[in-house]
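Descriptive structure summary
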Amino acid sequence: MATPYDQQIEEMLREYRRQRDQAVETRRRVGEVTASATAPRQAVKVTVGAQGEVNEIEFPTGAYRRMAPKELADALLDTIREARNKALQQVGEVVSADLPQGVTITDLLQGRVDPTAVLPEDPMMPAAVRDYVDHGRVDAQGDGPA
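Residues numbered from 1 in each chain as written. Predicted model: local features only at pLDDT ≥ 70, side-chain atom pairs only at ≥ 80, totals over all residues. Heavy atoms only, no water.

Further remarks concern a nonpolar patch on the surface. Together, Val54, Ile57 and Phe59 make up an exposed nonpolar region whose accessible area comes to about 230 Å². Mapped onto the secondary structure, Phe59 falls in the loop between β3 (54-58) and α2 (69-95). (Patch = residues over 30% accessible without salt bridge, like charges linked within 9 Å, V, L, I, M, F, W, Y side chains within 5 Å. Areas by Shrake-Rupley, 256 points an atom, 1.4 Å probe, with all protein chains shown as cover. Salt bridge = Lys/Arg side-chain N within 4 Å of Asp/Glu carboxyl O. Helix = DSSP H or I, 4+ residues; strand = E, 2+ residues; numbered from the N terminus.)

You can see Pro60 is positioned in the loop between β3 and α2. Sequence spacing of Pro60 and Lys45 is 15 residues, and the spatial spacing of their C-alpha atoms is 7.0 Å.

Further remarks concern the environment of Leu109. Position of Leu109 among the secondary structure elements: in helix α3 (residues 105-109). The class for Leu109 is exposed, based on a relative accessible area of 58%. A C-alpha to C-alpha distance of 9.4 Å links Leu109 and Leu88, two positions 21 residues apart in sequence. (Buried < 20%, exposed > 50% of the residue type's maximum accessible area, 1.4 Å probe, protein only.)

On to the sheet that holds β3. Strand order in the open sheet formed by three strands is β1-β2-β3, with antiparallel pairing between adjacent strands. Unpaired on one side and paired on the other, β1 (34-38) and β3 mark the two borders of the sheet. In this sheet, adjacent strand axes meet at a mean angle of 15° when their direction is disregarded. Judged from the four bridges that link them, strand β2 (residues 45-49) and β3 form a sheet pairing that is antiparallel. Looking at β3, one finds that Val48 is bridged to Val54. α2 contacts β1, β2 and β3 of the sheet and is inclined by roughly 145° relative to β1. (Pairing = 2+ DSSP bridges. Axes fitted to C-alpha atoms, helices over the stretch in contact; angles between N-to-C directions. Contact = heavy atoms within 4.5 Å.)

Counting 22 residues, the largest nonpolar core has Val30, Val33, Val46, Val48, Val91, Val95 and Ile105 as the members making the most contacts within it. For this core, the secondary structure elements donating two or more residues are β1, β2 and α2. Residue contributions to this core peak at eight residues, all from α2. Among residues more than four places away in sequence, those in contact with Ile105 are Leu88, Val91, Gly92, Val95 and Leu99. (Core = buried A, V, L, I, M, F, W, Y, C linked by side-chain atoms within 4.5 Å.)

Contact pair helix α1 (residues 4-31) / α2: the axes reach a minimum separation of 10 Å and the direction vectors enclose 160°. If you check the angle between α1 and α2, you find them roughly antiparallel. As for how α1 packs across α2, the hand of that crossing is right-handed. Residues Thr26, Arg29 and Val30 of α1 lie in contact with α2, whose contacting residues are Val91, Val94 and Val95. Class assignment for the residues of the contact of α1 with α2 results in four nonpolar, one polar and one charged. (Parallel < 35°, antiparallel > 145°, perpendicular 65-115°, else oblique. Left-handed = near helix turned anticlockwise from the far one by under 90°. Nonpolar A, V, L, I, M, F, W, Y, C, P; charged D, E, K, R; others polar.)

So, on to α2. The end-to-end C-alpha distance of α2, which contains 27 residues, comes to 39 Å, matching closely the 39 Å that a straight helix rising 1.5 Å per residue would cover. Taken together, the buried positions of α2 are occupied by Ala75, Thr79, Ile80, Ala83, Ala87, Leu88, Val91, Gly92, Val94 and Val95. Its buried side turned inward, α2 meets α1, β1, β2, β3 and α3. (Expected span 1.5 Å × (residues − 1).)

Let's shift gears to the packing of aromatic side chains. Tallied over the entire structure, the rule returns one aromatic pair. Ring geometry for Phe59 against Tyr64: centres 4.7 Å apart, planes inclined by 50°, an arrangement best described as tilted. (Phe/Tyr/Trp six-rings, centres within 6.5 Å; stacked < 30°, edge-to-face > 60°.)

Below, the structure is given as structure tokens:
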């Protein structure tokens, strides 16, 4: 016979599984993020992944041939930066629903928000489970601590 305590544990496990599945799906969606940027005059095109890693560098036109080395280097760095910013924005859109209101992924990644500040101080759980965590085992009837 299932006790109310057993039912509460089952409900917590269902909620945990739901949150875990949601986290797996969010991770999958973040992993699929790519972003591209193209420099002026189409001298260079850069594609990056979700973590800003450079996946591809293309030279769509011959414009790079007419550029001084420093100019090409600057164009490449600026284009990488732009592509990374686009990727970060896309990742932010994927995870924004899971963040507290007013907190952005950019704030978290750039250290403007303490990551522990977005976590609840006390995880939500039924009173009976909280009582068990705080005081120990449950009595034989499942009504509370023994």
